[in-house]
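Chain by chain, the residues run as shown.
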Amino acid sequence: MTMIEPFKVAIPQAEIDDLRSRLSATRWPSRETVGDWSQGAPLAAVQALCEYWRTEYDWRRCEAALNAVPQFLTDINGLPIHFFHVRSPDSNALPLILTHGWPGSVLEFMRVIGPLTDPAAHGAPNAQAFHVIAPSLPGYGFSGKPDTVGWGVEKIADAWITLMRRLGYARFVAQGGDWGAAVTTAIAMAKPPECAAIHLNMPLVFPEASDFADLTTAEQATVDSMKYYQDRDSGYAKLQGTRPQTVGYALADSPAGQAAWIYEKLQAWTDNEGLPESALERDAILDLISLYWFTNSAASSGRLYWESADAFKAQKLDLPVGVSIFPKEIFRPSRRWADRMYSNILHWNELDKGGHFGAFEQPEAFVIELRNCFGKIA
């Protein structure tokens, strides 16, 4: 089936009522024995978040915002794929496919769609305009949940290429971070003739053994952050990469558990002042958590780690590549490491604010980065 059908979000009120009931009945663990986040999300912070979720948060506001964006479903390789598709009023706009990661969603791109598609209406009349396509990864959000193995990064990249062809785009560019970076890199590796360039805000390049003899100060900091991630911050990935089904039972049954699972990563990976709420509004945080909850996608989203455990590896790319490094990104490779793997670096910039969720945290800077990058090939 190649039909593209309009889609609207409509969560039944009974599911919202059930969420609030479950939150009221939460059985809480004992308090952490440290004064920071080193054992995970602190009890008091999660309780405050869940109390707001139960008593004040308004999902219908988020639902209305989603439904204000043109959304569609199409079947690719037997799986329904949900996506935003917002065409620019500029006839010279460049088609752009944006891919999110975990624990992200298409909600990350809500604040950048307007400026990207209609720069003139957002104070930049001479800026590069884009037609924006933002699919939900398989098993995430309103996309279908794979019921067989095989939906790894390469298959998703092929599906995105199919999607762009189905939409009639003979030339496009692609962007991604986190899993989106892996998928976007896989698109570049597939070398579809339609893809003119890519942009990454988490480039998959790493130091080689010979680099460790003369690391710069910035490179040493990156190596230190890599070690910290492996030693202290990667348990979620190991669990989702080996037993996504088992952890899925807990997260699918407990909204407090689902909230804490995502909230802790927002604290670890955003450019914040101690709490995620200093980087993202509380409502935006709960929009993201609620999307995972209402679509029951804890297990199906985590399963991507099982499917593509080795996806985050360096790949040599000849296609034009743009890179934006946000200072609180999990991993911040140096330009010299990237030069070894990317033969045609179109754009490179290291920003002074922002973290792992570039478009979500710093939408204005993210838009400027994409304009500066892809404006060079438009």
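Scope of this entry: the structure provided in the associated data block.

The rules behind each value
- Residues numbered from 1 in each chain as written.
- Predicted model: local features only at pLDDT ≥ 70, side-chain atom pairs only at ≥ 80, totals over all residues.
- Heavy atoms only, no water.
- Helix = DSSP H or I, 4+ residues; strand = E, 2+ residues; numbered from the N terminus.
- Buried < 20%, exposed > 50% of the residue type's maximum accessible area, 1.4 Å probe, protein only.
- Pairing = 2+ DSSP bridges.
- Axes fitted to C-alpha atoms, helices over the stretch in contact; angles between N-to-C directions.
- Contact = heavy atoms within 4.5 Å.
- Parallel < 35°, antiparallel > 145°, perpendicular 65-115°, else oblique.
- Nonpolar A, V, L, I, M, F, W, Y, C, P; charged D, E, K, R; others polar.
- Polar contact = N/O pair within 3.5 Å; in protein donor to acceptor, adjacent residues only side chain to side chain.
- Expected span 1.5 Å × (residues − 1).
- Phe/Tyr/Trp six-rings, centres within 6.5 Å; stacked < 30°, edge-to-face > 60°.
- Lys NZ or Arg CZ within 6 Å of the ring centre and 35° of its normal.

Before going further, it helps to examine unusual backbone geometry. The omega torsion of the bond from W102 to P103 falls at 0°, within 30 degrees of zero and hence cis. If you trace the backbone, P103 turns up in the loop between β4 (94-99) and α4 (110-117). In the Ramachandran plot, N77 falls in the positive-phi region, its phi being about 55° despite a non-glycine side chain. Tracing the chain through its elements places N77 in the loop between β2 (71-76) and β3 (79-86). In this model, D178 sits at a positive phi of 55°, which is unusual for a non-glycine residue. By relative accessible area, D178 is classed as buried at 8%.

Another point: the sheet that holds strand β7 (residues 195-200). Pairing is mixed in the open sheet, where 9 strands are placed in the order β1-β2-β3-β5-β4-β6-β7-β8-β9. Two strands close off the open sheet at either side, each with one partner strand: β1 (4-6) and β9 (345-350). For this sheet, the mean angle separating the axes of adjacent strands, direction not counted, is 20°. Against the sheet, helix α5 (residues 153-166) makes contact with β1, β2, β3, β4, β5 (130-135) and β6 (172-176), and its axis sits at roughly 120° relative to β2, the strand it touches most. The sheet strands contacting helix α15 (residues 363-374) are β4, β5, β6, β7, β8 (321-325) and β9, and the helix crosses β7 at an angle near 145°.

The next thing to look at is the pairing of β6. For β6, a buried count of 5 out of 5 residues is recorded, marking the element as mostly surrounded by other parts of the structure. Burial along β6 is two-sided: the face carrying F172, A174 and G176 and the face carrying V173 and Q175 are both buried. Here β4 pairs with β6 via 4 bridges, running parallel. Looking at the pairing, L98 lines up with Q175 of β6.

Across the interface, helix α9 (residues 244-253) lies against helix α10 (residues 255-269) with an axial gap of 5 Å and an inter-helix angle of 115°. One finds that α9 runs roughly perpendicular with respect to α10. On α10, the residues that touch V247, L251 and D253 of α9 are P255, G257, Q258 and W261. Of the residues contributing to the contact of α9 with α10, the split by class is 4 nonpolar, 2 polar and 1 charged.

Okay, the side chain of T270 next. Examined against the element boundaries, T270 turns out to sit in the loop between α10 and α11 (282-294). At a separation of 2.6 Å, a polar atom in the side chain of T270 contacts the main-chain carbonyl oxygen of L266. Within the structure, T270 has its side chain in polar contact with the side chain of N272 (distance 2.8 Å). Contact partners of T270, with chain neighbours within four places excluded, come to P276, A279, L280, K328, F357 and E361.

Moving on: the environment of R166. Among the secondary structure elements, R166 is positioned in helix α5. The exposure class assigned to R166 is partly exposed, which follows from its relative accessible area of 24%. In this structure the C-alpha to C-alpha distance between R166 and T185, which are 19 residues apart in sequence, comes to 21 Å. A polar atom in the side chain of R166 sits 2.7 Å from the side chain of T74.

With that out of the way, let us pick up the pairing of β2. Among the 6 residues that make up β2, 5 are buried, leaving the element largely enclosed by the rest of the structure. The pairing of β1 with β2 spans 3 bridges and is antiparallel. Paired with P6 across the strands is F72, a residue of β2. Where β2 lies against β3, 6 bridges are found, and the strand directions are antiparallel.

Below, the discussion takes up the side chain of Q267. Tracing the backbone shows Q267 in helix α10. One polar contact links the side chain of Q267 to the main-chain carbonyl oxygen of G274, over a distance of 3.3 Å. In contact with Q267, not counting residues within four places along its chain, are W37, N272, G274 and P276.

Our next topic: helix α2 (residues 43-55). With 13 residues, α2 extends 18 Å from end C-alpha to end C-alpha; this agrees with the ideal 18 Å at 1.5 Å per step. Buried within α2 we find L43, A45, V46, L49, C50, Y52 and W53. For α2, the elements touching its buried residues are α1 (13-24), α10 and α11.

Looking now at the environment of V149. Structurally, the position occupied by V149 is in the loop between β5 and α5. The spatial distance from the C-alpha of V149 to the C-alpha of E273 is 40 Å, given a sequence separation of 124 residues. Each residue touching V149, except ones within four places of it in the same chain, is listed here: W306 and E307.

Enumeration over the complete set of coordinates arrives at 16 aromatic pairs. Aromatic pair Y140 and Y292: ring centres 6.2 Å apart, planes at 75°, arrangement edge-to-face. Of this pair, Y140 sits in the loop between β5 and α5 while Y292 is found in helix α11, placing the two residues 152 residues apart along the sequence. Given a relative accessible area of 1%, Y140 falls into the buried group. With 4.6 Å between their ring centres and 55° between their planes, W179 and F312 make a pair best called tilted. Here W179 is found in helix α6 (residues 179-190), whereas its partner F312 is found in the loop between α12 (298-307) and β8, with 133 residues between them in sequence. Here the aromatic cluster, defined as three or more aromatic residues joined through ring pairs, consists of W102, W179, Y229, Y236, W269, Y305, F312 and F357. Over the face of the ring belonging to Y52 we find R282, whose NZ or CZ atom lies 5.7 Å from the ring centre.

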